[in-house]
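What the coordinates show
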Amino acid sequence: VAPASLMRPPRLIGRERELAALEHAWSLERIFLIEGEAGIGKSRLLQALAASRDGMLRVQARPTDTGVPYALLARLLRQVLALPALKLDAGRRRELALVLPELGEAAAVAGDAQRLLLQRAVDATLAQAMALGLRGLLIDDLHFADAASVGVLQALALSDRLGALRWGLARRSAEADDLRPTALAEAGRIETVVLAPLDEAEMAALIDSLGLAELDAGRLAPILLRHTGGNPMFALETMKDLVLSGQAGSVRAGARLPQPVTVGALVERRLAQLSREALRLARTAALAGPDFDAELAAAVLELHPLDIAEPWRELEAAQVIRDGAFAHDLVFEATRASVPRPIGELLHRRIAEHLQARQAPPERLAPHWAGAADWA
């Protein structure tokens, strides 16, 4: 059994600046949007915010919501209706029954009329809940939400009657761009806070906070930083594997760390969402390793340098590459493993020929000729 501190670290590490930004946004009565890659700590930040205030409700979108209209809105309403002393009259019950069948017979409307009726009913219900102590709504994992719910929630966030209600949203930055809350941005009501990876000092503080004697923060922090790119969840899952396998005390610099199944699935999901051009560029980068640069990519893929500008930008936005190299070892390994062997051999040959034409030293050429299975 994994230690409890690895399942949920006792302290929030390295997010003081972001918490201050959220407090500032709320003081200006602006909606905040937390963005970042999977595992970077968006949900933990929302939980910390909810725990620090009274009258906060937090609801999460789920992967199954995408194809079910108003799935997220229904989940939110069920939490609101669970508030003590909140009563609905018969008319409101029929209106909300459009998305909450347990309330009985629904109003007989469809299309745009249904959406407007539902929007007014939810607006009135939230106003009623505010009179009973509701102060804020936190919507987590917005990238999983259904489009119908996002549309209604944006309208509610701009409602004059709900002006005193505080809103916080969180989403993965590289997913579901069609669900980005554009109406709020156009109204100038939203403040975006992007969560950055932990640095080495913050990674060491995270390891220390776990209180596990077998984890040496000074030794492990730089190794985990390279392996996970500073992603807190990736680091915790890796440490969990090290502790459960009994290898935590023997890890040294340069050692190959485990790739936890949960993390591997997230990385593979991130790669699957890339465009064909961006995935080709990522795979070329994975096989080129430290020799990767824009010139090599253009030569190997037989493209004009400008043709790789947009795929390159996409890889940076998806947190696959950072500063011209892979964001961390887990993404690098998953990308390299996704290249079939015959294709990998052909690409290694092209990389070797490119480097040889530029008189690269033998120690840089040899791995690529080996990857091409050209032993001579």
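Presented here is an overview of the structure given in this document. Sequence order sets the numbering: in each chain, residues are counted from 1 along the sequence as written. Local features in this predicted model are restricted to residues of pLDDT 70 or higher, and side-chain atom pairs are both shown and tallied only at a pLDDT of 80 or more, whereas totals for entire chains, interfaces and linings draw on every residue. Side-chain numbers come from the whole structure's heavy atoms, not from hydrogens or water.

**Some points on the overall build of the protein**
- A run of DSSP states H or I qualifies as a helix once it reaches four residues; a run of E qualifies as a strand once it reaches two. Both are numbered from the N-terminal end. Helix and strand counts for the protein come out as 18 helices and seven strands.
- Projected onto the principal axes, the alpha-carbon positions of the protein cover approximately 85 × 50 × 35 Å.
- Across the 376 residues in the protein, those meeting the buried criterion constitute 49%.
- Throughout, a contact is declared for two residues whenever any of their heavy atoms are within 4.5 Å. Sequence separation of at least 24 residues holds for 72% of the intrachain contacts in the protein that already meet a minimum separation of 6.
- On the protein, the mean spot of the 43 positive side-chain charges and the mean spot of the 48 negative ones are 5 Å from each other. Remark: exposure states derive from per-residue accessible area (1.4 Å probe, protein chains only) relative to the maximum for the residue type, with buried under 20%, exposed over 50%, and partly exposed in between. The positive count covers Lys and Arg only, the negative count covers Asp and Glu only, and His and the chain ends enter neither. In this description, the location of a charge corresponds to atom NZ of lysine, CZ of arginine, CG of aspartate or CD of glutamate.

**Looking at unusual backbone geometry**
- You will see that E29, though not glycine, has its phi angle at about 60 degrees, which is positive.
- By secondary structure assignment, the location of E29 is in the loop between α2 (16-27) and β1 (31-36).
- A positive phi angle, near 55 degrees, is found at D323, a position not held by glycine.
- Here D323 lies in the loop between β6 (321-322) and β7 (325-326).
- On the accessibility criterion, D323 (77% relative accessible area) is exposed.

**A closer look at the environment of D140**
- You can see D140 is positioned in strand β3 (residues 136-140).
- Between the alpha carbons of D140 and E16 there is a distance of 20 Å; along the sequence they are 124 residues apart.
- Not counting chain neighbours up to four residues away, the residues in contact with D140 comprise S43, L46, R58, V59, Q60, A61 and A170.

**A short note on the pattern of salt bridges**
- Salt bridge criterion: a side-chain nitrogen from Lys or Arg within 4 Å of a carboxyl oxygen from Asp or Glu. Throughout the structure, instances matching the rule amount to 18 salt bridges.
- Salt-bridge contacts for E237 lead to K240; the nearest nitrogen and oxygen are separated by 3.1 Å. Here E237 pairs with K240, and both are found in helix α11 (residues 232-245), just three residues apart, close to one helical turn. With respect to burial, E237 and K240 carry one shared label: buried.
- Two residues, R276 and E277, come together in a salt bridge whose shortest N-O distance is 4.0 Å.
- By relative accessible area, which is 65% here, R276 ends up exposed.

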